[in-house]
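# Examining the three-dimensional arrangement
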There are 2 protein chains.
Amino acid sequence: MGKSTLDAADLRILEALQRNGRLSNVDLAEQVGLSPSPCLRRVRDLEEAGYIQGYAAILDRRRLGLGVVAFVEVKIDQNAEGDAVFRRAVERIPEVVSCFVMTGTMDYLLQVVVPDLDAYAEVSMKRLLQIPGVKDVRSSFVLDVVKHSTALPLPPA
Amino acid sequence: MGKSTLDAADLRILEALQRNGRLSNVDLAEQVGLSPSPCLRRVRDLEEAGYIQGYAAILDRRRLGLGVVAFVEVKIDQNAEGDAVFRRAVERIPEVVSCFVMTGTMDYLLQVVVPDLDAYAEVSMKRLLQIPGVKDVRSSFVLDVVKHSTALPLPPA
DNA sequence: AGTGAAAGGAGCGATAC
DNA sequence: GTATCGCTCCTTTCACT
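Just so you know, these numbers come straight off a predicted model, no measurement behind them.

Summarizing the sequence annotation, UniProt attributes the feature "domain: HTH asnC-type" (unreviewed entry) to residues 6-67 of chain A in the numbering used throughout. Within the segment residues 6-67 of chain A, helix and strand shares are 53% and 13% respectively, and the terminal C-alpha atoms sit 40 Å apart.

The local shell around DNA strand D consists of Ser-35, Ser-37, Pro-38, Arg-41 and Arg-42 of chain A together with Ser-24, Asn-25, Val-26, Ser-37, Leu-40 and Arg-44 of chain B. Counting only the atoms of DNA strand D within 4 Å of the protein, the fraction contributed by sugar and phosphate is 63%. One nitrogen or oxygen atom from the side chain of Arg-42 of chain A is found 2.6 Å from a phosphate oxygen belonging to DNA strand D. Val-26 of chain B has a polar backbone atom sitting 2.9 Å from a phosphate oxygen of DNA strand D. If you list the elements that add at least two residues to the surface near DNA strand D, you get helix 3 (36-48) of chain A together with helix 2 (25-32) and helix 3 (36-48) of chain B. For the surface near DNA strand D, the leading source of residues is helix 3 of chain A, giving 4 residues.

What follows concerns the nonpolar core. Leu-17 and Leu-28 of chain A together with Leu-17 and Leu-28 of chain B are the most contacted members of the largest nonpolar core, which has 60 residues in total. If we ignore the near neighbours within four places in the chain, the residues touching Leu-17 of chain A are Leu-23, Leu-28, Val-43, Ile-52 and Tyr-55 of chain A together with Arg-22, Ala-56 and Ala-57 of chain B.

Thresholds applied
- Residues numbered from 1 in each chain as written.
- Chains lettered and ligands numbered in written order.
- Predicted model: local features only at pLDDT ≥ 70, side-chain atom pairs only at ≥ 80, totals over all residues.
- Heavy atoms only, no water.
- UniProt positions renumbered as here; feature names shortened; annotations may be inferred.
- Helix = DSSP H or I, 4+ residues; strand = E, 2+ residues; numbered from the N terminus.
- Near = heavy atom within 4 Å.
- Polar contact = N/O pair within 3.5 Å; in protein donor to acceptor, adjacent residues only side chain to side chain.
- Core = buried A, V, L, I, M, F, W, Y, C linked by side-chain atoms within 4.5 Å.
- Buried < 20%, exposed > 50% of the residue type's maximum accessible area, 1.4 Å probe, protein only.
- Contact = heavy atoms within 4.5 Å.

In structure tokens:
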């Protein structure tokens, strides 16, 4: 199932699709210097090999009235059960955009997107703190976004 | 330029396109309960009004050999010039996936994606610390990803 | 606002190199 | 592995409700 090495054309395809996921196959083929058929086959292969997980519309957070982004450190009672419960709960909160286990003292680092501070209070108090095992929630808020990219750094060639 | 309110159909369109940005217009129209023509017109309007910033292929970080994600707190000499220089520099480092100004003590919070710790050392020492005005760089590393979504939370209806 | 039809173009399979 | 052909379906515009 799936190739294990990427040649230069594959990398060009991935780079182009990171920039514009709705490129038509003919346009993509032209950008990467292939004719449409082999280009499409490569894209399908990259999808099936799992290099491409999917495609998404990138929405404008502020335009949608989502003015508040918070990074939240969550401490929970450390046991396997509590972890599983917490993870499942977080999975189902759409305001939690991402959730990582980190090195250092904190247990989880969450990124939360909400319309305003009231909505943040709601998520923090009524959702996160309600999850059994959650001991501490510490929030920092984003004052300004310098950069926010969905594109991963790919090897040069 | 552009509508200022979103009706239920608009929200269904945005939600569907967040999940699958390559949906064909006919499939999208079916999912949101419209016929293709008005559906396409709405999508175009949403794009031009800035609700949809663009479309991107979502790549699999690990499959691409990018095993290390770090959150990096960067302290810089606080003056307008230094800030502008720092922002411009960060903009041009593809390994820096995002960069925020945060409340609290740290000046910037960066998210960095690299293949391994050697590459991280390279970015940290030879790129970030080289930027004039950068005083301190503190890194935490992601041990596990519980959730990582590009989808923003949209109002229910 | 939504519907329906019509033309141009793209996707995608088959085939050949 | 790559390109060309050809059929089908989608996209997109226009006239109409």
